[in-house]
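Overview (structure and organization)
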Amino acid sequence: MQRIPVESSDIVAIGYDSKTRTLEIEFKEQRLYQYYDVEPDIHERFMKADSYGQYFYAFVNGHYRYKRIEQDGGPTARQPLAFVTGNQRKYRDMCNACTPLGIDVEQVVLPVDEIQSHDPEKIAVHKAKEAYRLARRPVVVNDAFWNILCLLYTSPSPRDGA
């Protein structure tokens with residue numbers, strides 16, 4: 001991708017591929033990033049901005065998925081976060097939390113044995129260790145625990161009109 005040099009205190013050059021909607025920004029100190037699914041008008045306004053840094057922080061940073069690119073042009077060898085769950089809602093929530101931070105999430109469905117216990121930490125640690133053993137790589141698990149200390153039931157008295 002061809003980048004156009006710009007005058008900025010931190011940004012060296014900006015490039016854009018309209019076919020893939022990829023914005024490429026070269027920062028000082030040889031830092032190169034690609035931002036994905038960027039609309040053409042964002043790139044056009046970026047190139048016309050009075051301050052490239054201000055525009056970047058207002059309209060690009062934190063708004064798009066991105067990846068840091070090695071100097072030889074290849075992407076860094078960063079694996080997506082392995083999230084062990086069969087629950088589509090949990091996976092979607094994890095993606096919604098991680099994507100704005102530039103963290104790719106991969107859903108990994110494994111037959112993880114979920115033990116029964118009154119100790120939520122014991123359940124979570126067992127689940128994480130079992131998922132790690134099955135996946136053979138670092139993983140993230142999510143577990144919820146309800147602790148209802150007391151349930152009271154009183155039958156209605158005849159005075160209550162029941």
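Let me sum up the structure you'll find in this document. (Residues numbered from 1 in each chain as written. Predicted model: local features only at pLDDT ≥ 70, side-chain atom pairs only at ≥ 80, totals over all residues. Heavy atoms only, no water.)

Turning next to the pairing of strand 4 (residues 31-35). For strand 4, a buried count of four out of five residues is recorded, marking the element as mostly surrounded by other parts of the structure. Pairing of strand 3 (residues 22-27) with strand 4, which is carried by five bridges, proceeds in the antiparallel orientation. In the strand pairing of strand 4, Leu 23 is matched with Tyr 35. Linking two consecutive strands that pair antiparallel, namely strand 3 and strand 4, is a turn of three residues; a positive phi of about 65 degrees is found at Glu 29 within it. One ladder, built from four bridges, connects strand 4 with strand 5 (residues 66-69); its direction is antiparallel. Paired with Gln 34 across the strands is Lys 67, a residue of strand 5. (Buried < 20%, exposed > 50% of the residue type's maximum accessible area, 1.4 Å probe, protein only. Helix = DSSP H or I, 4+ residues; strand = E, 2+ residues; numbered from the N terminus. Pairing = 2+ DSSP bridges.)

Let us look at the sheet that holds strand 6 (residues 81-84). Across the sheet, three strands lie side by side as 7-6-8; this open sheet has parallel pairing. In this open sheet, the two edge strands, each paired with only one partner strand, are strand 7 (105-108) and strand 8 (140-141).

Below, the discussion takes up the sheet that holds strand 2 (residues 11-17). Here five strands make up an open sheet; going across it, the order is 1-2-3-4-5 and the pairing antiparallel. With partners counted over all chains shown, the strands left at the sheet margins are strand 1 (3-5) and strand 5, one partner each. Here the average twist between neighbouring strands, direction ignored, is 25 degrees. Docked against the sheet, helix 1 (residues 40-48) engages strand 1, strand 2 and strand 3, running at close to 150 degrees with respect to strand 2. (Axes fitted to C-alpha atoms, helices over the stretch in contact; angles between N-to-C directions. Contact = heavy atoms within 4.5 Å.)

What follows covers the pairing of strand 2. Most of strand 2 is tucked away, with five of its seven residues classed as buried. Counting the residues in the hairpin turn of strand 1 and strand 2 gives five residues. In terms of strand pairing, strand 2 meets strand 3 through six bridges, oriented antiparallel. Within strand 3, the position partnered with Ile 11 by the bridge is Phe 27.

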